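Coordinate analysis (summary)
Here's the letter readout for the chains.
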Amino acid sequence: MIYNDIDSKELQEMKQQYALLKRKLEKEVIVNERMIRRSMQTKANTLRRNAIVECAICIALIPVYLWVIPQLMGVTLGSFVLASVLMVIAVIYNYYMHRHFDPAKFTTSSLLEMQKETIRFKKTYSNWLKFFGLPFIIIFIVWFYYDAQKLFQGELLRGILAGGAIGAIIGGIIGLIIRQKTLQNTDEILQQIEDLEQE
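In this text, all values refer to a predicted model and were calculated from it rather than measured experimentally.

So, about the pattern of salt bridges. Within this structure, the stated rule accounts for 4 salt bridges. Notably, a salt bridge pairs arginine 158 with glutamate 155, separated by 2.8 Å at the nearest N-O pair. Taken as a pair, arginine 158 and glutamate 155 lie in helix α4 (residues 154–198) at a separation of 3 residues, close to a single helical turn. What makes glutamate 155 exposed here is its relative accessible area of 60%.

Below, the structure written as structure tokens:
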């Protein structure tokens, strides 16, 4: 009888300790999830900020292509009109890409919804280079070379082509770095979502 009372008390204490431990673990899981969600939100905010900066640069380049360069060269090049069109398309595409990819949703939405939006964003972002960026760049380079050959000669032509080549290389490197960082951020968000799903 005494052993039963001792066993019963020990069992009660063990149950209480288990319940306490369970509550602590649940709180830790909740705190951990909040921290991960905030981290994802920070990454999504970074992506949005980068897009705003890219759009501002695109908008600022339009008058440069349509007014400043023609004033300096004394002639409007069709390739720069094409570049201005590309800038407008880039701004519209950026808006479309970020339309549903709202950083504020990362603290309130379900994991499935966040995952779906992040995958959609990544796919849309990846498609930009394939379907718009590269074709426009190739057309621009060919057209710029054609315009320059037609309008300029000698040292001036070589200088313009060299400057264009250097600009294209620097722009390409910067573009690839930005692309890599953006894709890395989206992969990290997707990995964090997967980690939360496994908890």
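Generally speaking, nonpolar side chains in soluble globular proteins are found buried as a group. In terms of nonpolar packing, the biggest core is built from 17 residues, with Tyr65, Phe80, Met87, Phe144, Ala148, Phe152 and Ile160 touching the most fellow members. Broken down by secondary-structure element, the contributors of at least two residues to this core are α1 (2–73), α2 (78–98), α3 (111–151) and α4. With 6 residues, the top contributor of residues to this core is α2. In contact with alanine 148, other than residues within four places in its own chain, are Leu157, Ile160 and Leu161.

Turning our eyes to something else, we now look at α4. Counted at 1.5 Å a residue, the expected span for α4 with its 45 residues is 66 Å, and the 66 Å between its end C-alpha atoms agrees. Looking at α4, one finds that the buried residues are Leu157, Ile160, Thr182, Leu183, Asn185, Thr186, Ile189, Leu190, Gln192, Ile193 and Leu196.

Here α3 crosses α4 at 175°, and the two axes come no closer than 10 Å. The pairing of α3 with α4 is recorded here as roughly antiparallel in orientation.

On the surface, a nonpolar cluster with roughly 570 Å² of combined accessible area is contributed by Leu66, Trp67, Val68, Leu72, Val81 and Val85. Broken down by secondary-structure element, the contributors of at least two residues to the nonpolar patch are α1 and α2. Sorting elements by how many residues they give to the nonpolar patch places α1 first, with 4 residues. Considering the arrangement of structural elements, one finds leucine 72 in helix α1. On the accessibility criterion, leucine 72 (73% relative accessible area) is exposed.

Here we come to the confidence of the model for the chain. Mean pLDDT over the chain stands at 84; residues scoring 70 or higher make up 88%. Confidence, expressed as mean pLDDT per element, reaches its minimum in the chain at α1 with 78 and its maximum at α2 with 91.

The next thing to look at is the packing of aromatic side chains. Across all of its chains, the model carries 11 aromatic pairs by this definition. Ring geometry for phenylalanine 80 against phenylalanine 144: centres 5.8 Å apart, planes inclined by 80°, an arrangement best described as edge-to-face. Of the two residues, phenylalanine 80 sits in helix α2 while phenylalanine 144 sits in helix α3, which places them 64 residues apart along the sequence. Side by side, phenylalanine 80 and phenylalanine 144 carry an identical accessibility label, which is buried. Residues phenylalanine 140 and phenylalanine 144 carry aromatic rings whose centres are separated by 6.0 Å and whose planes lie at 15° to one another, so their mutual orientation is stacked. Of this pair, phenylalanine 140 and phenylalanine 144 both sit in helix α3, 4 residues apart, which is roughly one turn of that helix. These aromatic residues form a ring-pair network of at least three members: Tyr65, Phe80, Phe140 and Phe144.

Our next topic: the layout of surface pockets. Approximately 1500 Å³ is the volume attributed to the largest pocket. In terms of lining, the largest pocket is formed by 41 residues, of which the most central are Leu86, Met87, Ile137, Gly171 and Gly172. Secondary structure elements with two or more residues in the lining of the largest pocket: α1, α2, α3 and α4. A per-element tally of the lining of the largest pocket places α4 first, with 14 residues.

With respect to the helices, strands and loops of the structure, asparagine 94 is situated in helix α2. When its relative accessible area of 8% is taken as the criterion, asparagine 94 is described as buried. In contact with asparagine 94, not counting residues within four places along its chain, are Ala51, Glu54 and Cys55.

Conventions used here
- Residues numbered from 1 in each chain as written.
- Predicted model: local features only at pLDDT ≥ 70, side-chain atom pairs only at ≥ 80, totals over all residues.
- Heavy atoms only, no water.
- Salt bridge = Lys/Arg side-chain N within 4 Å of Asp/Glu carboxyl O.
- Helix = DSSP H or I, 4+ residues; strand = E, 2+ residues; numbered from the N terminus.
- Buried < 20%, exposed > 50% of the residue type's maximum accessible area, 1.4 Å probe, protein only.
- Core = buried A, V, L, I, M, F, W, Y, C linked by side-chain atoms within 4.5 Å.
- Contact = heavy atoms within 4.5 Å.
- Expected span 1.5 Å × (residues − 1).
- Axes fitted to C-alpha atoms, helices over the stretch in contact; angles between N-to-C directions.
- Parallel < 35°, antiparallel > 145°, perpendicular 65-115°, else oblique.
- Patch = residues over 30% accessible without salt bridge, like charges linked within 9 Å, V, L, I, M, F, W, Y side chains within 5 Å.
- Areas by Shrake-Rupley, 256 points an atom, 1.4 Å probe, with all protein chains shown as cover.
- pLDDT = per-residue confidence, 0-100.
- Phe/Tyr/Trp six-rings, centres within 6.5 Å; stacked < 30°, edge-to-face > 60°.
- 1 Å grid on protein atoms, 1.4 Å probe; cavity = no way out; pocket = protein on both sides within 12 Å on 5 of 7 lines; lining within 4 Å.
- Points joined across faces, edges and corners; volume = space filled by probe spheres on them.

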